[in-house]
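Here are the chains, one letter per residue:
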Amino acid sequence: MGDYEGRGLLAGTHALITGGDSGIGRAVAVAFAKEGADVAIAYLSEREDDDAAHTADLVGKAGRRCAPPLSSDLARKDPASIRRTGEEMSTRAQDDGTTLAGLRWLYTASHSRQ
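What comes next concerns the included structure.

Thresholds applied
Residues numbered from 1 in each chain as written. Predicted model: local features only at pLDDT ≥ 70, side-chain atom pairs only at ≥ 80, totals over all residues. Heavy atoms only, no water. Helix = DSSP H or I, 4+ residues; strand = E, 2+ residues; numbered from the N terminus. Buried < 20%, exposed > 50% of the residue type's maximum accessible area, 1.4 Å probe, protein only. Contact = heavy atoms within 4.5 Å. Areas by Shrake-Rupley, 256 points an atom, 1.4 Å probe, with all protein chains shown as cover. Salt bridge = Lys/Arg side-chain N within 4 Å of Asp/Glu carboxyl O. Polar contact = N/O pair within 3.5 Å; in protein donor to acceptor, adjacent residues only side chain to side chain. Expected span 1.5 Å × (residues − 1). Core = buried A, V, L, I, M, F, W, Y, C linked by side-chain atoms within 4.5 Å. Pairing = 2+ DSSP bridges. Right-handed = clockwise from strand over helix to strand, strands pointing away. Arc of directions from axis to C-beta.

**Here we look at the overall build of the protein chain**
And then number 1: Across its full length, the protein chain holds 4 helices and 3 strands.
And then number 2: Listed by position from the N terminus, the elements making up the protein chain come as β-α-β-α-β-α-α.
And then number 3: Out of the 114 residues belonging to the protein chain, those deemed buried represent 40%.
And then number 4: Put simply, of all contacts in the protein chain between residues at least 6 apart along the chain, 66% involve residues at least 24 apart.
And then number 5: Taken as a whole, the protein chain presents about 6500 Å² of accessible surface, with 51% of it coming from carbon and sulfur.

**Some remarks on the pattern of salt bridges**
And then number 1: A complete count under the given rule lists 3 salt bridges for this structure.
And then number 2: Between Asp38 and Arg64 there is a salt bridge whose closest N-O contact spans 3.1 Å. Here Asp38, found in strand 2 (residues 38-43), pairs with Arg64, found in the loop between helix 2 (49-61) and strand 3 (70-71); they are 26 residues apart in sequence, far enough to count as distant.
And then number 3: With a closest N to O distance of 3.2 Å, Asp38 and Arg65 form a salt bridge. Of this pair, Asp38 sits in strand 2 while Arg65 sits in the loop between helix 2 and strand 3, placing them 27 residues apart in sequence.
And then number 4: Taken together, the salt bridges that share partners define one network made up of Asp38, Arg64 and Arg65.

**Concerning the side chain of Asp38**
And then number 1: Note on Asp38: relative accessible area 3%, which makes it buried.
And then number 2: A distance of 3.1 Å separates a polar atom in the side chain of Asp38 from a polar atom in the side chain of Arg64.

**Some thoughts on helix 1 (residues 23-34)**
And then number 1: Taking 1.5 Å per residue as the helical rise, helix 1 with its 12 residues ought to reach 16 Å, and the 17 Å between its terminal C-alpha atoms agrees with that figure.
And then number 2: Along helix 1, the positions that sit buried rather than exposed are Gly25, Arg26, Ala29, Val30, Ala31 and Ala33.
And then number 3: Taken from the residues just after helix 1, Gly36 is the one with a positive phi, measuring 110°.

**Remarks on the nonpolar core**
And then number 1: By size, the foremost hydrophobic cluster in this structure holds 11 residues: Ala15, Ile17, Ala29, Ala33, Val39, Ile41, Tyr43, Ala52, Ala56, Val59 and Cys66.
And then number 2: When residues of this core are traced back to their parent elements, those giving at least two are strand 1 (14-18), helix 1, strand 2 and helix 2.
And then number 3: Aside from chain neighbours lying at most four places away, what touches Ala52 is Asp21, Ile41, Tyr43 and Pro69.

**What to know about the pairing of strand 1**
And then number 1: Residue alternation in strand 1 divides its side chains into a buried set, Ala15 and Ile17, and an unburied set, His14, Leu16 and Thr18.
And then number 2: Of the pairings in the sheet, the one linking strand 1 to strand 2 comprises 5 bridges and is parallel in character. The residue of strand 2 that forms the bridge with His14 is Asp38.
And then number 3: A crossover connection joins strand 1 to the parallel strand 2 through helix 1; in handedness this β-α-β unit is right-handed.

**Describing helix 2**
And then number 1: Compared with an ideal rise of 1.5 Å per residue, which puts 13 residues at 18 Å, helix 2 spans 18 Å between its outermost C-alpha atoms and is within 8% of the ideal.
And then number 2: Buried residues of helix 2: Ala52, Thr55, Ala56 and Val59, and no others. Each buried residue of helix 2 sits inside an arc of 100° when the element is viewed along its axis, so together they form one side. Along helix 2, the residues that are exposed and aim more than 90 degrees away from the buried face are Asp50 and Lys61.
And then number 3: Where helix 2 is buried, its residues meet helix 1 and strand 2.
And then number 4: Looking at the residues trailing helix 2, positive phi occurs at Gly63, about 90°.

Dropping the structure here:
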C-alpha cells in the first residue's frame, strides 16, 4: 500500500477508526488519510500506545491530521463508556486543531439512549 495514491474520494470527511493501532485498522486509517479524510483512532490497550503513535505518524505522512490516539474498549457496548470516548476524542481533536464532527454525533447518539 506504500505506493498507493489516493484520489481524494474522502476529501473533507472525518473518520473514527477503532483498532487503528495495527493490522487492518492501521491500513484503513492510512487508506482513509490517503483518500483525504482526517482521522481519529481508538484502540484497546495502553500496551499499544507506541503502535497507535506510529499509525498517527503514518496518517500525518499521508498529508492528513490525526487526533491524538485514545486507548478505549468500545467493544463493551457500554453507553457511558462510548459517550466518554466520544467526549475525549472530541476534546483531543479540538485541542489538536482537528475537526471531527462525527465524534459529536457519536456522543449525541450514545447520550440520547440513556
